[in-house]
Amino acid sequence: MGKNVLLGVCGGIACYKAVEVASRLRKKGVDVTVIMTKSATQFVTPLTFQEITGNPVSVDMWDKVQHWDVAHISLARKADFALIVPATANILGKLAAGIADDMLSTTLLAVTKAIYLAPSMNTNMYLNPIVQRNLKLLSSLPNYHIIKPASGHLACGVEGVGRLPEPAEIVEQLEKDQLAEESLAGKTVLVTAGGTREAIDPVRYIGNRSSGKMGYAIAAEAVRRGARTILVSGPVALAAPAGAEVSKIETAREMKELSERFFPQADITIMAAAVADYRVENPAPLKIKKEQEALLVHLVKNPDILAGLGKIKKEGQVLVGFAAETHDLLAFARQKLVKKNLDMIVANDVGRKDAGFNVDTNAANLISKDGKIEEIPLMSKSEMAKVILRRAEALLSK
Ligand code: CTP
């Protein structure tokens, strides 16, 4: 079945390029549903999009009801992803502020899938700190993706950044992310996520700051690529990715048991969990009372799950680990890659405020077994998940 894309068209001079985007998507067998803002209709008529897509075009919230569904909700639900071309400063501001005051902004708030924004506007408008703040906020959210504007001669006579990329380039980016075949169909991906907890007594534990966001984003992406996806997760405050088989655990030893159980079935295993390196040797069976002035808790080493998997790895299985470091990132990461018999390691500088633990963005270096290092700039964790899986997939097919 072909995909359905919700194409939002806003009122900017680059509006006419949205016509070609719609046409290119149609030629690829994509079902395109267009919502235009009122200003967009000043540049291009709804009839143009209707003819190209073969679908009715919505502009007004209060158009005559054509069916019994609530229109903005049913359009949002139907879409496999949304694309806004051109994304004006106005729609960026509205989305960043959660404003729903017309058909497009109202529908977009109800979209839970990926939303691609292709900003296009005058250079000074684009560089305006408020617009930049809105873009930064949106790109930190898991389902928003920004298609960067190009530089060049703008319709307003200025040379600079803000030009809408060519329709072919926009469609090419979507092709990689959304329209590609289910590249992992028939494969199994095992992901671990979140931190583990080690009991001190029945009410207290030793834990860490892992939110599980990176591992959950990887699992969601694996599902999207058609893989059977098994997620072994520590306690986190995240909704399980739809379509993944999720097992919840608390301790490192529980995570080890489940990981080893599922590992033989997995083509790709990605160990994103923050496993406690130590556990309390003898957790108190009853709540510890505060009778003593000082309390000594004796810790013993936990098994290294990843190293264990590295030992039983078979030909054809791809094993990916993470390295959380505050210093000497690449050197330590490389050592872990070799020691744990990995095919790739994602080296995270957890000293940075905008990457690693408990934030929505990440930046990393991907180091593969052959020594190749690829620097991945700061991006949302869902974008990072795509990069990691793309590389893991390439290793699998080698
Ligand atoms: N890991 C694991 N089992 C452990 C500790 C870590 O499977 N007991 C995995 C993590 O999930 C990660 C990788 O090993 O994929 C590296 O974890 P990290 O905490 O960076 O390194 P450690 O091996 O624990 O070494 P150190 O804490 O000394 O840096």
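Here is a short report on the structure shown in this document. Keep in mind it's a predicted model, so treat the numbers as computed, not measured.

**Regarding the overall build of the protein**
Helix and strand counts for the protein come out as 14 helices and 19 strands. With respect to the principal axes defined by its C-alpha atoms, the protein has extents near 75 × 50 × 45 Å. Relative to its full complement of 398 residues, the protein shows a buried share of 50%. In the protein, of all internal contacts separated by at least 6 residues, the share reaching a separation of at least 24 is 66%. By element, 53% of the accessible surface of the protein is carried by carbon and sulfur atoms, the whole surface being about 19,900 Å².

**Structural notes on helix H8 (residues 129-140)**
For H8, spanning 12 residues, the distance from its first C-alpha to its last is 16 Å, which sits close to the expected 16 Å at 1.5 Å a residue. Turning to H8, its buried residues number three or more, namely Val131, Asn134, Leu135 and Leu138. End-on, the buried residues of H8 take up no more than an arc of 100°, which puts them together on one face. Exposed and facing more than 90 degrees away from the buried side of H8 are Pro129, Arg133 and Lys136. As for H8, its buried residues are in contact with helix H5 (89-97), strand S4 (114-119), helix H7 (123-127) and strand S5 (144-146). N-cap assignment for H8: the residue whose side-chain oxygen lies 2.7 Å from the backbone N of Ile130 is Asn128.

**Here we look at unusual backbone geometry**
Here Val85 and Pro86 are connected by a cis peptide whose omega angle stands at -15°. A positive phi is found at Asp328, a non-glycine position, where the angle reads about 45°. Take Asp328: it is sitting in the loop between strand S16 (318-325) and helix H13 (329-339). Even without being glycine, Asn341 reaches a positive phi, approximately 55°. Position of Asn341 relative to the elements: it lies in the loop between H13 and strand S17 (344-349). The partly exposed category is assigned to Asn341, whose relative accessible area is 35%.

**Examining the side chain of Lys313**
Among the structural elements, Lys313 can be located in the loop between helix H12 (305-312) and S16. For Lys313, the side chain forms a polar contact with the main-chain oxygen of Asn341, separated by 2.9 Å. Side-chain polar atoms of Lys313 contact the side chain of Asp343, separated by 2.9 Å. The contacts of Lys313, once residues within four sequence positions are left out, are Phe263, Leu319, Asn341, Leu342 and Asp343.

**Observations regarding the sheet that holds strand S18 (residues 361-368)**
Pairing within the open sheet is mixed, and its eight strands lie in the order S12-S11-S8-S13-S16-S17-S18-S19. A strand with exactly one partner marks an edge of an open sheet, and here the two such strands are strand S12 (245-248) and strand S19 (373-380). Each neighbouring strand pair of the sheet contributes to a mean axis angle of 15°, computed without reference to strand direction. Summarising the sheet, strand S13 (residues 268-271) and S16 pair through four bridges and their orientation is parallel. Note on S16: the bridge partner recorded for Thr269 is Leu319.

**A look at the sheet that holds strand S2 (residues 31-36)**
Spatial ordering of the open sheet is given by S2-S1-S3-S4-S5, a layout of five strands whose pairing is parallel. At either end of the open sheet lies a strand with only one pairing partner, and these are S2 and S5. The average undirected angle you get between the axes of adjacent strands in this sheet is 20°. Note that strand S1 (residues 4-9) and S2 share six bridges and pair parallel. Following the sheet pairing, Val9 is matched in S2 by Met36.

Calculation criteria
Residues numbered from 1 in each chain as written. Predicted model: local features only at pLDDT ≥ 70, side-chain atom pairs only at ≥ 80, totals over all residues. Heavy atoms only, no water. Helix = DSSP H or I, 4+ residues; strand = E, 2+ residues; numbered from the N terminus. Buried < 20%, exposed > 50% of the residue type's maximum accessible area, 1.4 Å probe, protein only. Contact = heavy atoms within 4.5 Å. Areas by Shrake-Rupley, 256 points an atom, 1.4 Å probe, with all protein chains shown as cover. Expected span 1.5 Å × (residues − 1). Arc of directions from axis to C-beta. Polar contact = N/O pair within 3.5 Å; in protein donor to acceptor, adjacent residues only side chain to side chain. Pairing = 2+ DSSP bridges. Axes fitted to C-alpha atoms, helices over the stretch in contact; angles between N-to-C directions.

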